[in-house]
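# Commentary on secondary and tertiary structure
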There are 2 protein chains.
Amino acid sequence: MIHLPVDDLKHFIETTFIKLGVPLEDAKICADILISSDLHGIESHGIGRLRMYVDRIKSGQIEKKAALEIVRESPTTAVIDGHHGLGMVIGYHSMNLAIKKAGEFGMGAVAVRNSTHFGIDGYYPLMAIKQGMIGMSFTNARPSVSPTFGTQPKLGTNPIAFGAPTDEAFPFLFDAATSITQRGKIEVLNREEKPASKGWVIDSEGNPMTDPKSILDGLSQDQAALLPLGGDTEALGSHKGYGLSTMVEILSASLQSGAFLSALSGLNPDGSNSRFKVGHFFMAISVESFLPINDFKKNTGELLRELRASRKTPGQARIYTAGEKEFLNAIEVRKTGVPINENLRKDILYVKNLLGITDLVLK
Amino acid sequence: MIHLPVDDLKHFIETTFIKLGVPLEDAKICADILISSDLHGIESHGIGRLRMYVDRIKSGQIEKKAALEIVRESPTTAVIDGHHGLGMVIGYHSMNLAIKKAGEFGMGAVAVRNSTHFGIDGYYPLMAIKQGMIGMSFTNARPSVSPTFGTQPKLGTNPIAFGAPTDEAFPFLFDAATSITQRGKIEVLNREEKPASKGWVIDSEGNPMTDPKSILDGLSQDQAALLPLGGDTEALGSHKGYGLSTMVEILSASLQSGAFLSALSGLNPDGSNSRFKVGHFFMAISVESFLPINDFKKNTGELLRELRASRKTPGQARIYTAGEKEFLNAIEVRKTGVPINENLRKDILYVKNLLGITDLVLK
């Protein structure tokens, strides 16, 4: 395991996208979103996914210069067609449009179709928080999660991200897949050559699977499925994770007449690569429309502090609130650098050599 | 177990509220919301809670005639003070205001403070669906759920309700507590004298509890806590249920400077009854701002049909989508009547005798 300085890695990501023909402004957006993921300790969605973006731009699955198009617009809403451009660029501009509308009218929502993977869901609420707003972001994704009582990977990991400003050094920032785990975490375990936890994944008969390589193969071949939050029994709330995932799928496809479920596989019937056609839904709520921002921040901060100060389970040192661990992780990573394991080092080296990037020192 | 006809029971509920001094229009709203719960098969929130409302109106915890007050308003948003009136009446008018704003500007959101228990969360999205809109509803509640790594009941069961119109006979309607189970279900088990499932509730040391009477006592005395969706380990996603619950608490309190967490206990420091000061957050999104309503209905219907038609776990007869079981249940209950077990029969008889209601036949 080596560690690379945050700024060096961010610059490398930016250079990678520029070398691929992505415009400078867009490359900067992508670098900021990917490095945010590593800063937050969400290693599944940061530099670890860079090779995926490179491969998809090379294969033409992602258009490097697509301009997003506003298809329909009202005072508070818009529908955007991403034309298969970089999801991070599309997401950035779409969230900004939602924020602009919320600034004018109190609320804003933007539904996006024909986008591609947009990085960590939690980045977009942070954009709203910086403007004194509540932000929400939803996206569908490649089919990988089974419905309750089913074994076929149909739904995406369909995350929900929600952020709100506080009077503390960091905001409340919730960002989680509606499945127990997500594909990116299985990819990380595969790179680390470690098994997945029992209870995360089932095979086509509903039996547990733990080998990450078999799981990744199975997900692509309709023979493995991640379980929704709540697992596979109604007694523990499987139908709740499944229902939330369906809600995200509806928000990410129905309002924009976009693709959903199996249409997001990225494969044509003959097995060749197709477009991903991912959909997103962004929402911004202007806090000042409800009350002075400082009152809101204080209310939220006090709520979070009461939670953290509550009675701990014997043996537990600390109760966290959402976004706290990520904030602490960012402080640490800025000091020590981004951890890079052996398989990730190989991926970075592959990209570096492929594109002839010389200014990142990596053996 | 006896069964009572839906219309007789609805009329009985209406009469109950009128006898208590609730205005006719408000009594009708309450009756419609409570009977909807029994129709949907959510027996925890229907006629089974009538005695609770009666007791709270009698004790003055709920004001029978409070007028709701709009404290602050923008084109798309409003803050409402419920002045401790009937939560169902406050919820009904607040959701209608959100719908009106969405009709004019595309989106509407109403934040409510100083309300009381508002019945089933899923009723309010249904109001939006009838107007061709997406509806969302959130509420906090008495402290009963522990944060991840904690054992103190701090958060409410904090449900999320989300509904969207479809091209089918019934809508997509998700309505679920962000905890694995909810207080009302424990009350039902207590009336039925059945144990709770292991994995639902922990004691002050983090050990499982299953006796419903001990759980209900423990919840009131800070000695038992319901677990968030995902249970008590991060491996199975405890932090996700906890994070969603915190999101609902923020939406239900921060925007309206309302009460949160322990302030919702309904008890003064001396143990006497206090106001509940519940908060809600309602949202409506006009589908027509994004696309023609029939396109949306078709998109959503096709999405749901693909889920239902997917591969089933061996031994499972059917895959449902959210709102489907409730729709089927309503058809059944209209035919056979609302099931009333012995303890519930006693509660109804208590209310009937207390208020001298003669037109419900019940031995």
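Residues numbered from 1 in each chain as written. Chains lettered and ligands numbered in written order. Predicted model: local features only at pLDDT ≥ 70, side-chain atom pairs only at ≥ 80, totals over all residues.

### Some details on the overall build of chain A
As a reminder, the rule being used: Only DSSP runs of H or I covering at least 4 residues are called helices, and only runs of E covering at least 2 are called strands; the numbering of each starts at the N terminus. Using C-alpha atoms as the atom set, the radius of gyration is obtained and then compared with a globule rule of 2.2 Å times the number of residues to the power 0.38. Three exposure classes are used, all based on how many other C-beta atoms lie within 10 Å of a residue's own C-beta (placed from the backbone): buried at 20 or more, exposed at 12 or fewer, and partly exposed between those limits. Whether two residues are in contact is decided by their C-beta atoms, placed from the backbone, lying within 7 Å.
Helix and strand counts for chain A stand at eleven helices and twelve strands. A globule of 363 residues ought to have a C-alpha radius of gyration of about 21 Å, and chain A, at 20 Å, matches this closely. For chain A, the spread of C-alpha atoms along the three principal axes comes to 55 × 50 × 45 Å. Across the 363 residues in chain A, those meeting the buried criterion constitute 59%. Considering only residue pairs separated by 6 or more positions, chain A has 64% of its internal contacts joining residues 24 or more positions apart.

### Description of the interface of chain A and chain B
Stated precisely, the cut-off is as follows: Side-chain classes are defined by residue name, with Ala, Val, Leu, Ile, Met, Phe, Trp, Tyr, Cys and Pro counting as nonpolar, Asp, Glu, Lys and Arg as charged, and the others, Gly among them, as polar.
Facing the 71 residues of chain A at the interface are 71 residues of chain B. If you list the elements that add at least two residues to the side of chain A that touches chain B, you get strand S3 (77-81), strand S4 (107-115), strand S6 (160-164), strand S7 (172-176), helix H8 (238-253) and helix H9 (293-308) of chain A. Among the elements that make up the side of chain A that touches chain B, the one with the highest residue count is H8 of chain A (eight residues). Of the residues contributing to the side of chain A that touches chain B, the split by class is 34 nonpolar, 27 polar and ten charged.

### Structural notes on unusual backbone geometry
Even without a glycine there, the phi angle at Glu193 of chain A is positive, about 55 degrees. Here the phi dihedral of Leu261 of chain B falls at roughly 50 degrees; this positive angle occurs in a residue that is not glycine. On the secondary structure map, Leu261 of chain B appears in the loop between helix H8 (238-253) and strand S11 (278-286).

### Points about the relation of the copies chain A and chain B
Condition: Copy-to-copy superposition: least squares on the C-alpha atoms, limited to residues that have pLDDT of at least 70 in both copies.
Once turned by 180 degrees and shifted 0.0 Å along the axis, chain A lies on chain B with an RMSD of 0.0 Å. Here the symmetry operator amounts to a two-fold rotation axis. Scanning chain A for the C-alpha nearest the rotation axis identifies Gly230 of chain A, at a separation of 2.7 Å. When the interface residues of chain A are mapped onto chain B, 100% of them are again interface residues, pointing to one common binding face.

### Let's talk about the confidence of the model for chain A
Where we set the bar: Residue-level confidence of the predictor is summarised by pLDDT, bounded by 0 at the bottom and 100 at the top.
Mean pLDDT over chain A works out to 96, with 100% of the residues at or above the 70 mark. Under the prediction, the complex receives an ipTM of 0.97, its pTM being 0.97.

### A few points about the sheet that holds strand S4 (residues 107-115) of chain B
All names here are of chain B. Heads up, the rule is: For two strands to pair, DSSP has to find at least two bridges joining them. Axes, fitted as lines to C-alpha atoms, cover a helix only where it is in contact. Angles between the N-to-C directions of the axes lie from 0 to 180 degrees.
Spatially, seven strands are ordered S2-S3-S4-S11-S5-S6-S7 in an open sheet, and the strand pairing comes out mixed. Each edge of the open sheet carries a strand with a single partner, namely strand S2 (69-73) and strand S7 (172-176). Strand-to-strand twist across the sheet, computed as the mean angle between neighbouring axes with direction ignored, equals 15 degrees. Here S4 pairs with S11 via seven bridges, running antiparallel. Bridge pairing in S11 links Gly108 to Ala284. Of the strands in this sheet, strand S5 (133-139), strand S6 (160-164), S7 and S11 touch helix H5 (residues 123-130), which is tilted by about 165 degrees from S5. Packed on one face of the sheet, H8 meets S5, S6 and S11 and runs near 95 degrees to S11.

### Comments concerning the packing of helix H2 (residues 24-39) of chain A against helix H4 (residues 87-105) of chain A
All names here are of chain A. In plain terms, the rule: Angle categories: roughly parallel below 35 degrees, roughly antiparallel above 145, roughly perpendicular from 65 to 115, and oblique for all the rest.
At a minimum axis distance of 9 Å, the contact between H2 and H4 shows a crossing angle of 90 degrees. With respect to H4, the axis of H2 lies roughly perpendicular. Note on element contacts: H4 touches H2 through Met88, Val89 and Tyr92, opposite Asp26, Ile29, Cys30 and Ile33.

### Description of the pairing of S2 of chain B
All names here are of chain B. Both S2 and strand S3 (residues 77-81) contribute to a ladder of four bridges, which runs antiparallel. The residue of S3 that forms the bridge with Glu69 is Asp81. Connecting S2 to the next strand, S3, in antiparallel fashion are three residues.

### Structural notes on the environment of Pro125 of chain A
Residue position: Pro125 of chain A is located in helix H5 (residues 123-130). As a C-alpha pair, Pro125 of chain A and Phe282 of chain A span 157 residues in sequence and 8.5 Å in three-dimensional space.

### Digging into the nonpolar core
Using the following cut-off: A set of buried Ala, Val, Leu, Ile, Met, Phe, Trp, Tyr and Cys residues, joined to one another through C-beta atoms within 7 Å, is what we call a nonpolar core.
Counting residues in each nonpolar core, the largest one holds 228 residues, and the members touching the most others are Cys30 of chain A together with Cys30 of chain B. The residues contacting Cys30 of chain A, other than those within four sequence positions of it, are Ile13, Phe17, Leu86, Met88 and Val89 of chain A.

### Digging into the sheet that holds strand S5 (residues 133-139) of chain A
All names here are of chain A. The seven strands are arranged S2-S3-S4-S11-S5-S6-S7 in an open sheet whose pairing can be described as mixed. Where the open sheet ends on each side, the last strands, each with one partner, are strand S2 (69-73) and S7. When the angles between neighbouring strand axes are averaged without regard to direction, this sheet yields 15 degrees.

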